[in-house]
Amino acid sequence: MFTAIFALLALAIVFGLLLGYAAIRFKVEGDPVVDKIDAILPQTQCGQCTYPGCRPYAEAIAKGEAEINQCPPGGEATIQALADLLGRDPLPLNEEHGEHKGKTVVQILEEQCIGCTLCIQACPVDAIVGAAKQMHTVIEDECTGCNLCIPPCPVDCIVIVPVEEDLQHWKWPYPAAAAGDKI
Amino acid sequence: MRHPLSKFFGGLHLDDHKSESMQQVPRVLPLAKQLIFPLNQHIGLPADPVVSIGDKVLKGQMIARPGGSISAAIHASSSGEVIAIEERPVSHPSGISATCIVIATDDEDTAIDASVLTDYENCEPAMLRDSIRDAGIVGLGGAGFPTFIKLKPTPGKVIETLILNGAECEPYITCDAMLMQTRAEDVLRGADILCQAMQARQCLVGIEDNKPAAIAALQAALQSHQFHHPIEIVSVPTIYPTGGERQLIKVLTGHEISAQRRPLDVGLVCQNVGTAVAVADAVLKGQPLIERLVTVTGSAIKNPGNWVVRLGTPIQHLLAQHAVEANNDIIIGGPMMGFTIDNTQAAIVKTTNCVLIQPPQITKPAIPCIRCAECASVCPAQLLPQQLYWHARAKDFDKIQDYNLFDCIECGCCAHVCPSHIPLVQYYRFAKTEIWDREQEKQKADRARERHEFNLYRQQRKQQEDEERRRKKKELLNRAQGKTVSETDSKKAAIEGALARAKARKDAMTSAPKNIDHLAPEQQRQIDEAEARRHKQKQDKV
Amino acid sequence: MQLSSPFIFARNSVTRMMLWVVLALVPGIIAQIVFFGWGVIINAAIAIATAVLCESLILYLRKRPITSSLLDGSALVTALLLAISLPPLTPWWIPFVGTGFAIIIAKHLYGGLGYNPFNPAMVGYAMLLIAFPKEMTSWLLPMTLSEHPMSFAQLLQYSLHGVLPHTLSLDAITAASPLDLVKTQTRLGEAIPLILQKSSHLFGSLAGIGWQWVNIWFFIGGLVLMARRIITWHIPLAMLTALVVMAGIFYLIDPSMHASPLFHLLSGATMLGAFFIATDPVTAATTVKGRLIYGALIGILLYIIRQWGGYPDAIAFAVLLINTTVPTIDYYTRPRVFGEGQGG
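Residues numbered from 1 in each chain as written. Chains lettered and ligands numbered in written order. Predicted model: local features only at pLDDT ≥ 70, side-chain atom pairs only at ≥ 80, totals over all residues. Heavy atoms only, no water.

J.: I keep staring at the overall build of chain C and nothing clicks. Help me out?
T.: For chain C, the count of helices and strands is 18 helices and zero strands. A compact globule built from 344 residues would reach a C-alpha radius of gyration of about 20 Å, and chain C, at 21 Å, matches this within 12%. In terms of overall dimensions, chain C has C-alpha extents of about 70 × 50 × 30 Å along its principal axes. A fraction of 76% describes how many contacts in chain C between residues 6 or more apart in sequence connect residues 24 or more apart. Taken as a whole, chain C presents about 14500 Å² of accessible surface, with 69% of it coming from carbon and sulfur. (Helix = DSSP H or I, 4+ residues; strand = E, 2+ residues; numbered from the N terminus. Rg over C-alpha atoms; globule rule 2.2 N^0.38 Å. Contact = heavy atoms within 4.5 Å. Areas by Shrake-Rupley, 256 points an atom, 1.4 Å probe, with all protein chains shown as cover.)

J.: Looking at this structure, I do not really get the domain arrangement of chain A. What am I missing?
T.: Residues and elements named next belong to chain A. What the domain assignment lists for chain A is domain 1 (32-97) and domain 2 (102-165). Counting each side, the surface lost to burial between domain 1 and domain 2 is near 340 Å², with a carbon and sulfur contribution of 62%. Looking only at domain 1, the three residues that lose the most surface to domain 2 are Thr44, Gln45 and Cys46, adding up to 88% of its buried area. In this structure, the connection of domain 1 to domain 2 is made through zero salt bridges. (Domains from an automatic or database assignment. Buried area = accessible area lost by both parts, 1.4 Å probe. Salt bridge = Lys/Arg side-chain N within 4 Å of Asp/Glu carboxyl O.)

J.: Is there a simple way to explain the sheet that holds strand β7 (residues 80-89) of chain B in this structure?
T.: What links the strands of a sheet is backbone hydrogen bonding, and the strands pair in either a parallel or an antiparallel sense. All names here are of chain B. Here we have four strands laid out as an open sheet, ordered β2-β8-β7-β4, and antiparallel in their pairing. Edge strands, defined here as strands with exactly one partner in the open sheet, are β2 (34-38) and β4 (56-57). With five bridges joining them, β2 and strand β8 (residues 97-105) adopt antiparallel strand pairing. Pairing of Ile36 across the sheet is with Val102, part of β8. (Pairing = 2+ DSSP bridges.)

J.: Could you clarify how one ought to interpret the sheet that holds strand β5 (residues 62-65) of chain B in this entry?
T.: Residues and elements named next belong to chain B. What the three strands build is an open sheet, ordered β3-β5-β6; its pairing is antiparallel. Of all strands in the sheet, those bounded by a partner on one side alone are β3 (48-49) and β6 (74-75). With two bridges joining them, β3 and β5 adopt antiparallel strand pairing. Residue pairing across strands places Pro49 opposite Ala64, the latter belonging to β5.

J.: Mind showing me how you'd approach unusual backbone geometry here?
T.: With omega at -5 degrees, the peptide bond leading from Tyr240(B) into Pro241(B) counts as cis. In this fold, Pro241(B) is placed in the loop between β11 (231-236) and α6 (245-253). Residue Pro6(C) is bonded to the preceding Ser5(C) through a cis peptide linkage, with omega at 0 degrees. Of note in the backbone geometry, Gln45(A) takes a positive phi value of approximately 60 degrees without being a glycine. Counting through the fold element by element, Gln45(A) comes out in the loop between α2 (33-40) and α3 (54-63). Exposure remark for Gln45(A): the relative accessible area of 3% places this residue in the buried category. (Buried < 20%, exposed > 50% of the residue type's maximum accessible area, 1.4 Å probe, protein only.)

J.: Looking at this structure, I do not really get the interface of chain B and chain A. What am I missing?
T.: It is common to give the size of an interface as the accessible area lost on bringing the parts into contact. On the chain A side, the residues contacting the 36 residues of chain B number 34 residues. In this assembly, chain B packs against chain A so that about 3100 Å² is buried in total across both faces, 54% of it on carbon and sulfur atoms. In this assembly, chain B and chain A are joined by seven salt bridges. With its nearest N and O atoms 3.1 Å apart, the salt bridge here joins Arg449(B) to Asp38(A). Remark: the boundary between chain B and chain A carries 15 residue pairs in polar contact (both at pLDDT 80 or more). Secondary-structure elements contributing two or more residues to the side of chain B that touches chain A are α10 (385-393) and α13 (424-480) of chain B. (Polar contact = N/O pair within 3.5 Å; in protein donor to acceptor, adjacent residues only side chain to side chain.)

J.: Sorry if this is basic, but what is going on with the packing of helix α3 (residues 175-182) of chain B against helix α5 (residues 212-224) of chain B here?
T.: Describing two packed helices takes the angle between their axes plus the distance from one axis to the other. All names here are of chain B. Two elements in contact, α3 and α5, have axes separated by 7 Å at closest approach and are oriented at 35 degrees. By crossing handedness, the relation of α3 to α5 is classed as left-handed. On α5, the residues that touch Ala177, Met180 and Gln181 of α3 are Ala213, Ala214, Ala217 and Leu218. (Axes fitted to C-alpha atoms, helices over the stretch in contact; angles between N-to-C directions. Left-handed = near helix turned anticlockwise from the far one by under 90°.)

J.: Can you walk me through the environment of Ala278(B) in this structure?
T.: All names here are of chain B. The residue Ala278 is located in helix α7 (residues 273-285) in this model. Residue class for Ala278 comes out buried when judged on its relative accessible area of 9%. In this structure the C-alpha to C-alpha distance between Ala278 and Ala135, which are 143 residues apart in sequence, comes to 8.7 Å.

J.: Got a minute to help me understand the confidence of the model for chain C in this structure?
T.: Fine structural detail should not be taken from predicted coordinates in areas where pLDDT scores are low. Counting all residues, the mean pLDDT for chain C is 91, and 99% of those residues have values of 70 or more. Interface confidence in the predicted complex, given as ipTM, is 0.91; pTM for the same model is 0.86. (pLDDT = per-residue confidence, 0-100.)

J.: Explain α7(B) here, please?
T.: Because an α-helix packs 3.6 residues into every turn, residues spaced three or four apart end up facing the same way. All names here are of chain B. Compared with the 18 Å implied by 1.5 Å per residue over 13 residues, the 17 Å span of α7 between its first and last C-alpha is a close match. Most of α7 sits inside the fold, with eleven of its 13 residues counted as buried. If you check which residues of α7 are buried, you get Val273, Gly274, Thr275, Ala276, Val277, Ala278, Val279, Ala280, Asp281, Ala282 and Val283. Each element contacted by the buried residues of α7 is listed here: α1 (125-134), α2 (147-150), β9 (161-166), α3, α4 (184-198) and β12 (268-272). For α7, the N-terminal capping position is held by Asn272, with its side-chain oxygen 2.6 Å away from the main-chain nitrogen of Gly274. In the stretch just after α7, Gly286 is the one whose phi turns positive, near 70 degrees. (Expected span 1.5 Å × (residues − 1).)

J.: Any chance you could explain a nonpolar patch on the surface here in plain terms?
T.: Residues and elements named next belong to chain C. Where nonpolar side chains cluster on the molecular surface, the patch consists of Trp38, Ile41, Trp92, Phe96, Val97, Phe152, Leu156 and Leu160 and spans about 660 Å² of accessible area. Secondary-structure elements contributing two or more residues to the nonpolar patch are α5 (93-108) and α8 (152-161). The residue Trp38 is located in the loop between α1 (14-36) and α2 (39-61) in this model. You can call Trp38 partly exposed: its relative accessible area is 40%. (Patch = residues over 30% accessible without salt bridge, like charges linked within 9 Å, V, L, I, M, F, W, Y side chains within 5 Å.)

J.: When you look at the pattern of salt bridges in this model, what are you seeing that I'm missing?
T.: If the charged atoms of two oppositely charged side chains come close together, the side chains can form a pair. Counted according to the given criterion, the structure contains 44 salt bridges over all chains. A salt bridge links Glu190(C) to Lys198(C); its shortest N-O distance comes to 2.7 Å. Taking relative accessible area as the criterion, Glu190(C) reaches 15% and is therefore assigned buried. The class of Lys198(C) is exposed, set by a relative accessible area of 54%. Arg306(C) is the salt-bridge partner of Asp313(C), the closest N and O atoms lying 2.9 Å from each other. Taking the relative accessible area as the measure of exposure, Arg306(C) reaches 4% and is therefore buried. By sharing partners, the salt bridges in this structure join Asp35(A), Asp38(A), Arg55(A), Glu59(A), Lys442(B), Asp446(B) and Arg449(B) into a single network.

J.: Quick question: what am I supposed to make of the interface of chain C and chain B here?
T.: With 38 residues of chain C at the contact, the number on the chain B side is 50 residues. Counting the surface lost from both chain C and chain B, the interface buries some 3900 Å², and carbon and sulfur atoms represent 57% of this. At the boundary of chain C with chain B, the tally comes to two salt bridges. The partner of Arg336(C) in a salt bridge is Glu256(B), with the nearest N and O atoms 2.9 Å apart. Linking chain C with chain B are 20 residue pairs in polar contact (both at pLDDT 80 or more). Secondary structure elements with two or more residues in the side of chain C that touches chain B: α1 and α18 (326-332) of chain C. If one sorts the elements of the side of chain C that touches chain B by residue count, α18(C) sits on top with three residues. Looking at the side of chain C that touches chain B, its residues break down into 19 nonpolar, twelve polar and seven charged. (Nonpolar A, V, L, I, M, F, W, Y, C, P; charged D, E, K, R; others polar.)

This is how it looks when you write it as structure tokens:
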């Protein structure tokens, strides 16, 4: 019996040492996971996830303080990508944070703008150009559709405009389900 | 015709349905009342209009200039007045409209004065290329790549051979065959000009062997005219898709050019025979690209044939020449690679080679893939369509690229043979556009992240600057009131000193030890007197 | 109208492929009837009925369209292949249980048509062989040799009620198959020429009587399938070549203990396995090189099990075991893409 115990103990020690050595010697310095999570998020900076921007949300996910299904602009694709990255199960989008809607941008109705700069201060990506008492306008290409500029506007002159599909951005649809193929 | 030929893997032998539309020479289509010119009829950026609503234009006049370095010009194909620059339906599988210049034709058909270069063999190649660019010529074989860009050799490299693509491998389409039959000399003349423009050494014209009349016509033209570069007419076996650029190159030269490289890298350039004719017209007659041959055919049409059509003609106008019933399927292009449209108000553009009318087809429902690998046995790109299908279905866009999704030329051979009737090509197209879209989204997101980070930095910087400014302002204020900083400080110090002394006195009073041992005689006398007074008060109360 | 090109199609369908497979099996089935009686037809009838029943039930439970799935013919082929592999003299519940297991567990529990990694007919056969070895190894003497050839009615009687005509016993009508005989006797140390001499009535000019013709007719059926492009030549050729090479090597080393390649080719279910079972598209390798490797591996394993393994015939086990290697084979035999590695 003692030989058995001794043999197993010796094996355990040897393999433990080997594994410990391998863990240190072959350790791979990877990207911090926060950067990887942030790379998946859509960078709308809208705050619907309850965090002030995508980076804080990424940090919260990494710390385990937030779930992966709190990002409406990201939608299913983002949830799936986060699930793959972190090895967790994908969850349906948490509707408390909003719905996944089509892509939108905002437009300022120039006739009504009073040049108060409140929207400029609110925009997280500096997509509004203007100055005090000067005309404000939205750079459409840079607008992420976060809608944070709409509440501060005192004259309600910012409207949401859906981004229409054009020939350059049209996508072939996923083929309809094959007969009997409900997977 | 004893040029050594190679074979490419896969491919199909299809019923070619060509004789139906080759019974007569091409007819000239009467002018339509309105001509509609989409600004994007080519690969690259859309053209920029150079006319405004109300302008009168002449036939051959440039109405839109190239919108970038990879773009092409657009010319009016008849004289008239610009009545609109607005969104109109265009021939595209999505059915989405796009910006078009709309011209109402007067019936005069007056042409603009044109400059010709009859002496082309002594022209500088750059001059010829510019002439081709100014004529708005793009690849007429279907893709629409601006031709002049393809003619510029990579610095340090020489273009050996021009390959003229007269294969026309898709069933039903015969416009190139008729072009070669009726304008053989122009085809060869165009080839000659192209060789001069590229400084190519020779030209090979590849034609599938199901077009004997076209081959004969070209041979005859070769014999009876003088050309400045050696041109060889080569008959190749009829297999779909021999007309694919890389497949034809393999057959004629044996070179296998992967999707990541260009034929230019091995000194080859491939052009369609229609493009060659357009080049000849542009250089020798000064006529920009304003018309092309279009085949109208299909089992649901009577009297199929080819038409010489002015660009911008609504498809409806073309179909009106044949009695076409509603409810038929209208396919632009061929049955293997074309697309369906619903709205025949869309116009014929530079890349429209065929309008195919077929009786309505009931799509057979797809059943699960049985892994028979028939698809792989016919794929000319030597891919594994089955694997591409599985990964596209699973929306696994990383794995699908491992199987070379972007090498797929969307020829349709795989879906043609699939016994389960799976719409394979649609899966691949879906995957490709999805991947491109995600790329663009990612770039946009990266830009947004940068801007956000700068925004945060900017706000922080502003905060710091504001604090600094406030501090400086305060200092200025103090100075203005005559007090220096040190004075203010010493006054503060005096006040503080006084406060401290007061506090010390208070503490001294209250911080005396409460211990009744070791009392000072004075303290003891005070205590005794106080105690006596208390007793007296008590007794008095009682 | 579908959205994407192509808009013309080859006249090909899964149903057409399955019907050709059934057609190509017919000559071999007729040979089986001629030499071993009507048992195969009885088994086939029970198996096909069971297959249709089980498939309908499962499709109903899975909420899939029933008629279109039944019409693709795959259940029919599975049932027929299993019935052909069974001994002609079995109780009715053998094809019933086997087919039910094949359809429900080997095919649908993995996802249905196109998703099963293991050949369903062979899974059914293997399960029956392991669970009911006695019933699955009672092979009949060829009709021409038997003193008591059984009629259709008698066979049906046995199948449904398990009752033999009162003059007969199982021992009188069953006999070991040639493969079984050779295996048992060589294990006991008898040399093959001696075996052939002692049981010469069982052996024809090429291999076992009856068995040789069954194999030849399945071979012809297989050629028809290849001509019709329902299957490609890679798997059958690779499998038979590997078998011949393996058998040949050992036959040359020691002909007394190892049967000849010809005997192996025409015994048991060799030709059925090569042209109808190993070529099942759903479970076989898909790349060209992969198919050659797949076929060869089956041939090698077939010989190994026949010669040194526990069973006289081993098509089912060989195919099932090599089915497990198919994803790996496919991954490592990806063909060269157009333009790859050419530098041009």
